[in-house]
Each structure stands twice: as C-alpha cells, then as structure tokens.
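Summary of structural features
What follows is the residue order along each chain.
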Amino acid sequence: MESRTELLTGRPVAEAGRPRERADAARNRAKVLAAAAELFATRDPRGVTMDDIAKAAGVGRGTLYRRYPDTVSIAQALLDEHERALQERLLRGDPPLGPGAPPAERLAAFYAAMVGLLDEHISLVLGAEQGALRYATGAYGFWRAHVRVLLTEAGVPETEALADILLAPLGPDVYAEQRRRGLTPGQITAALTRLAHGVVARDAVR
C-alpha cells in the first residue's frame, strides 16, 4: 500500500490501528464513487441526494451512510485526489507554481492552476463546497495558508483578511456564473493574474 504524507508538514499519515478495508466494502465504495461522479457530472450537483446516489450505485442506504454522512463528503472524496496533486505541485513542483519564483508570479500561477482545476472538475467542486462548507474543507485551509505565505513573503499587510479576499474569486459559484456568462478560462485567468500582480506589487517589500 502506498504511504501518504501530510502535505503541510511532510510527516507520514498515521496508519497504525486503521482496519484493512474488506473486499466487499471496497467494491461498494468504488460503485458509490462512480455513481456519484456520473450524477454530479450530468446534473446540478447541489440537487443530488443520498437516495439518488444509493439507487444509482445499487447499494442500500445503510451501506452508503456507514461510509459517507452526506453528498458533500462523497464529492470531497472524489475531489481529494485532484486537489492533493495540485497541493504537491505547490509545495515541491517547478516554479512559478512551486517554490523559487517571486510571490506575485507564484500567486498568478496558483490562480491559473486553480482555474484549470475548476474548469475540469467544476461539478465536483460545486458538490463539495456548498455555501459555508467551503471554508471548512481541508483544501480551503491549504489554499489559504499558501496565499498567506506568499503575502507575508512579499511584505503585504493585513494577510489574515486579504487571504480570504484573494480566494473569493475562486469560489465555485463565482466561476460557474462567469462561465455561464460566456467568459473563457483564459479571460478569467488573465483577470486573476492582473489581481495577483496588483496586490502583490514588486515594491511591496520596503
């Protein structure tokens, strides 16, 4: 089994005491995730119910609820691997997305990568980050920590408030509405790049 590490600390994730997944449980999990992915992709994810997923997966409600408390947790499980891949690139990838580039360039690269993730997986993000739940996800905490580090490195003040402000344009509802109005990913990325360079100016550190 492949070992996992905490991306923020680099420490191994504790596996001791975790029971091995039974074969039938693994099959049910795979069926649930596959059914949910299809439902999220073909319908408004915010309208998908646990009953919908159980029926599509061919599993009982008890089986579904034993592993996932709600549709948000299912969407988060589907989205997790994509977000972790991006997190890995932020920590250990090549610049400007990874370490080694000026803060403004790294922030702009982060915006571009997030637009890519949103455009490819918008149905999952809409399902996983409904309303205030967005701020409770581990991924949001990671993105916020990353932006705060860049702001601090650049000497920009008010990092606590500004980090959330800079992440607000990446809300899935915002992105979905912009795409509905006909804006392209390239146009959205260009606007966010302008924002990154406007906030994290070259002469921010004095």
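Quick caveat, the model's predicted, so the values are computed rather than measured. (Residues numbered from 1 in each chain as written. Predicted model: local features only at pLDDT ≥ 70, side-chain atom pairs only at ≥ 80, totals over all residues. Heavy atoms only, no water.)

As for the side chain of Arg 106
Mapped onto the fold, Arg 106 is located in helix α5 (residues 103-128). Among the polar contacts listed, one links the side chain of Arg 106 to the backbone oxygen of Leu 90, at a separation of 2.8 Å. In contact with Arg 106, not counting residues within four places along its chain, are Leu 90, Pro 96, Leu 97, Gly 98, Pro 99, Ala 101, His 146 and Leu 150. (Helix = DSSP H or I, 4+ residues; strand = E, 2+ residues; numbered from the N terminus. Polar contact = N/O pair within 3.5 Å; in protein donor to acceptor, adjacent residues only side chain to side chain. Contact = heavy atoms within 4.5 Å.)

Thoughts on the confidence of the model for the chain
Where the model shows low pLDDT, its predicted coordinates should not be examined in detail. Model confidence for the chain is summarised by a mean pLDDT of 85, while 86% of its residues fall at 70 or above. Low pLDDT, under 50, characterises residues 1-18; the predicted model gives this stretch 21 contacts beyond four residues in sequence or across chains. (pLDDT = per-residue confidence, 0-100.)

Focus: the packing of helix α1 (residues 23-42) against helix α4 (residues 71-92)
Where α1 contacts α4, the axes come no closer than 10 Å and their chain directions differ by 95 degrees. Compared by their axis directions, α1 and α4 come out roughly perpendicular. Where α1 abuts α4, its residues Val 32, Leu 33, Ala 36, Ala 37 and Phe 40 lie against Thr 71, Ile 74, Ala 75, Ala 77 and Leu 78. Along the lines of polarity and charge, the residues of the contact of α1 with α4 split into nine nonpolar, one polar and no charged. (Axes fitted to C-alpha atoms, helices over the stretch in contact; angles between N-to-C directions. Parallel < 35°, antiparallel > 145°, perpendicular 65-115°, else oblique. Nonpolar A, V, L, I, M, F, W, Y, C, P; charged D, E, K, R; others polar.)

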